[in-house]
Every structure is written in C-alpha cells, then in structure tokens.
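Coordinate analysis (summary)
Here is how the chains run, residue by residue.
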Amino acid sequence: MALIFPGEEARRPGMGRPWADSPSWFLAERASEVTGRDVPGLLLDPFGADHPPRTDGAQLATFVLEMVILADLRRALPAAARPLVCAGHGLGEYSALVAAGIIGFDEGLRLVAARGRAVQEAAAAVPGTMAAVHGLSPDTVERAARSVREAGGRVWAAHLDADGQTVLAGDPASVARCRTLARELGATGIVPLPLGGAFHTPLMADAAAAFSTALAAAEFHRGSAPVVANADAQPHHGPDGWPGLLERQLTGPVRWADSVRTMADGLYCDMFVEVGPGRGLTALARRTAPRVSRLTVSEPGQLPAVPRTLVRSAA
C-alpha cells in the first residue's frame, strides 16, 4: 500500500465541514495552538477564513485536514499505519513525511506554517500564475517553455503530472505566451489553476532561502516507511537529505509521474490510497499506473468503502 497526499491545488472552501464531528478533529485545535492561526476557521468557513484566499492559509488547512483524515483512516484500516511507501504532491509531501514517521505532527505544522509564510511573501514580491496543459508530453511542454525563456520570458514546467498533463508556472505574460505555443503544438486543453504564485519554479528562490532556516532547525527521524521525494522521484528511507530535498521542491518541478512509476514499478506497490480533499492524484495514478488498485478517502462516507480484503490482511 502507498499512501498519497494531494497538495494545495486540491483545497476547496469549507472542505473540513464533513470531518468536523470526526474523533480526530482535535488535531485542528492542536494546530491552532502550535501555529497561532484559526485552523478550524480555515477548514470550516465557506471562504476558508481567508477571502480572497491566501496560499499560507490554504497550505496549513490542507495539511491539517489530511492529518485528520489519515487518523480516521487508520482506525478503519490498520494497514494504513504500516504503508509500504508514502508520497505527496507538492505541499502533500509534508503529510507523507508525517504518515511515514519521518517528522512529527507538530514539526509538520511548524514547517508548513513557515513554508506558507515564505511562499506568500515571495509570491507577493514576484507575481506569478499557473496553468495545466493537456494532450502534450512533458518534454514538449518544457521545450515550449524553454523557447519562451530564450526570448527573455520566465516560465517553466512546474508539475510533471502524467504523460499528457503538465503544469506551467511563471510570470503571467510568459505563461500566456507559452500557452499560445502549446496550442500551436497541439494541446487539447489548457486550464488556469487558482493558485497564487509561480510555485515550483526559480521564481520561488527567495522563498527557498527564507525557508531554509526552518528546515535546518527541524528534526527528522528514521521513520517506518520511505517517502518518494518530489525533487528526484526516489524513495528516501531516513532523515538524511530531507532539508535539501524540501528546499529544492520549492524551486524545481514536482516529478509526480516518475514518483508514481517508482512506487508501482520500483517498489511493486499494488494499492494507492489517496488521503485528502478531491481525487486528483487517483486520476493521475490511473493514467500512469493503470494496473494498480486505487482508493480515495476524501469524505467520511468513504471510510466504510475500504476493501474488506485489506482489513483482513491487516489483522
């Protein structure tokens, strides 16, 4: 079993409401104590307590909700406490690190809060935008972005999500030029993403520098399972190297398709369980590793749907 966790792009208004009566909701209250933010408000308010939404609040809310869902999932499915491997998309990497025991919940809160502040400040200083390109290979999208950069633009392939889905990020004018090139190259669709910056690109260099202090002070452990890192799509079994990997993640692409292949083909994982709002990673996994079984747990009503064979095997 692999536990996979979505990132900030999965966040939606009021996403914590279905979980407000969960026995694990105390984690949201604990998050408020550690961070000084109204985390239940971020999860329950239809506008997420930040309107217009801010990336620092969105990141914290997404991380905490995934921790609430994970705790409830482990009650329904004990095997979820002993995954073969964990991975997260962008921000979801911090949830994966907690799930694998490499960082604790409180440490995860401190890191996510510090990351959110650093990214929010960088995005305010250097405005950016993102857009998902469908129907082209990642190499083709990156070639289009490179041609824009060679003409003085600032745009990169930021999410390498699947063979036919890549996310662009950069300054608005450069992304617009790259979108035009992508259409000319045969893109079947281009969808703007409601995110507040050019994440996972060199435009986040100031955020990476600011965040490095928090990473250097964080405590990483051996853990009980490896986490496949966004930065290199490789499994990392212990504490070594994570500060550098998490810093690189801010300025480099999320190598999600390769991460899925690592879990399915390299580690022989045959079940992906997506823990968090939405079902975007489940859809991407279906495209990249169609033979692997998939389960989404984004609402309490999905907990009884855990396959009984998995419950028996965990007994």
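For the structure given in this document, a descriptive report is provided here. Since we're looking at a predicted model, the values are computed, not measured. (Residues numbered from 1 in each chain as written. Predicted model: local features only at pLDDT ≥ 70, side-chain atom pairs only at ≥ 80, totals over all residues. Heavy atoms only, no water.)

Things to note about the overall build of the protein
Along the backbone of the protein there are 12 helices and 10 strands. In summary, the protein has a C-alpha radius of gyration of 19 Å against a globular reference of 20 Å for 315 residues, a match within 12%. Summarising its shape, the C-alpha atoms of the protein cover approximately 60 × 45 × 40 Å along the three principal directions. Residue burial in the protein is summarised as follows: out of 315 residues, 57% are buried. Taking the contacts inside the protein whose residues are at least 6 apart along the sequence as the reference set, 74% of them involve residues at least 24 apart. By element, 53% of the accessible surface of the protein is carried by carbon and sulfur atoms, the whole surface being about 12,400 Å². Charge centroids of the protein, computed over 30 positive and 32 negative side chains, lie 5 Å from each other. (Helix = DSSP H or I, 4+ residues; strand = E, 2+ residues; numbered from the N terminus. Rg over C-alpha atoms; globule rule 2.2 N^0.38 Å. Buried < 20%, exposed > 50% of the residue type's maximum accessible area, 1.4 Å probe, protein only. Contact = heavy atoms within 4.5 Å. Areas by Shrake-Rupley, 256 points an atom, 1.4 Å probe, with all protein chains shown as cover. Lys, Arg positive; Asp, Glu negative; His and termini not counted. Charge placed at Lys NZ, Arg CZ, Asp CG, Glu CD.)

Observations regarding the sheet that holds strand 10 (residues 293-297)
Taken together, the six strands give an open sheet; going across it, the order is 8-7-2-1-9-10, and neighbouring strands pair in mixed fashion. Edge positions in the sheet fall to strand 8 (235-236) and strand 10, since each of these pairs with one other strand and no more. One ladder, built from two bridges, connects strand 2 (residues 85-88) with strand 7 (residues 227-228); its direction is parallel. Within strand 7, the residue paired with Cys86 across the bridge is Val227. Across the sheet, helix 4 (residues 92-99) lies against strand 1 (2-5), strand 2 and strand 7, angled at about 160° from strand 2, the strand it touches most. (Pairing = 2+ DSSP bridges. Axes fitted to C-alpha atoms, helices over the stretch in contact; angles between N-to-C directions.)

What to know about the pairing of strand 4 (residues 155-162)
Summarising burial for strand 4: eight of the eight residues are buried, a large majority. Of the pairings in the sheet, the one linking strand 4 to strand 5 (residues 165-170) comprises six bridges and is antiparallel in character. Its bridge partner lying in strand 5, Val155 is registered against Gly170. A loop of two residues connects strand 4 with strand 5, the two strands running antiparallel in sequence.

Let's talk about the environment of Ser293
On the secondary structure map, Ser293 appears in strand 10. Separated by 20 residues in sequence, Ser293 and Val273 place their C-alpha atoms 8.6 Å apart. Here Ser293 is in contact with Asp270, Met271 and Phe272, once residues within four sequence places are set aside.

A short note on helix 10 (residues 256-266)
Among all positions of helix 10, only Trp256, Ala257, Ser259, Val260, Thr262, Met263 and Ala264 are buried. Looking one or two residues past helix 10, Tyr268 carries a phi angle of roughly 60°, positive in sign.

Remarks on the side chain of Gln302
Inspection of the secondary structure puts Gln302 in the loop between strand 10 and helix 12 (308-314). Of the polar contacts made by the side chain of Gln302, one reaches the backbone nitrogen of Ser298; its length is 2.5 Å. With sequence-adjacent residues up to four places away left out, Gln302 is seen in contact with Arg279, Thr296 and Val297. (Polar contact = N/O pair within 3.5 Å; in protein donor to acceptor, adjacent residues only side chain to side chain.)

Let's talk about the nonpolar core
The biggest cluster of nonpolar side chains holds 75 residues, and the ones touching the most others in it are Leu3, Leu43, Phe63, Val64, Leu73, Trp242 and Val273. The biggest single contributor to this core is helix 3 (residues 55-76), with 10 residues. Residue contacts for Leu43: discarding those within four places in its chain leaves Gly14, Met15, Gly16, Arg17, Trp25, Ala28, Ala61, Val64 and Leu65. Ranked by size, the runner-up nonpolar core spans 18 residues in total, among them Ala87, Trp256, Ala264 and Val292. (Core = buried A, V, L, I, M, F, W, Y, C linked by side-chain atoms within 4.5 Å.)

Remarks on the pattern of salt bridges
Opposite charge on two side chains allows them to pair when their charged atoms are near. Enumeration according to the criterion identifies 10 salt bridges in this entry. Here Asp56 makes a salt bridge to Arg54, at a shortest N to O gap of 2.8 Å. Under the relative-accessibility criterion, Asp56 is labelled buried at 8%. Judged by relative accessible area, which is 38%, Arg54 ranks as partly exposed. Connected through shared salt-bridge partners, Arg30, Glu33 and Asp106 make up one network. (Salt bridge = Lys/Arg side-chain N within 4 Å of Asp/Glu carboxyl O.)

So, the packing of aromatic side chains
Considering all chains together, one arrives at two aromatic pairs under this definition. Centroid distance Phe63 to Phe105: 6.1 Å. Interplanar angle 10°. Geometry classified as stacked. In this pair, Phe63 sits in helix 3 while Phe105 sits in helix 5 (residues 105-125), placing the two residues 42 residues apart along the sequence. Residues Phe63 and Phe105 agree in their burial class; the two are buried. (Phe/Tyr/Trp six-rings, centres within 6.5 Å; stacked < 30°, edge-to-face > 60°.)

A short note on the packing of helix 1 (residues 26-35) against helix 3
Orientation of helix 1 relative to helix 3, taken along the N-to-C sense of each, is 140°, at an axis distance of 9 Å. Considering the angle they form, helix 1 stands oblique to helix 3. Handedness of the helix 1/helix 3 crossing: right-handed. Side by side, helix 1 and helix 3 meet where Leu27, Ala28, Ala31 and Thr35 of the first sit next to Leu60, Val64, Met67, Val68 and Ala71 of the second. In terms of residue class, the contact of helix 1 with helix 3 is built from eight nonpolar, one polar and no charged. (Parallel < 35°, antiparallel > 145°, perpendicular 65-115°, else oblique. Left-handed = near helix turned anticlockwise from the far one by under 90°. Nonpolar A, V, L, I, M, F, W, Y, C, P; charged D, E, K, R; others polar.)

So yeah, pure geometry; function would need other evidence.
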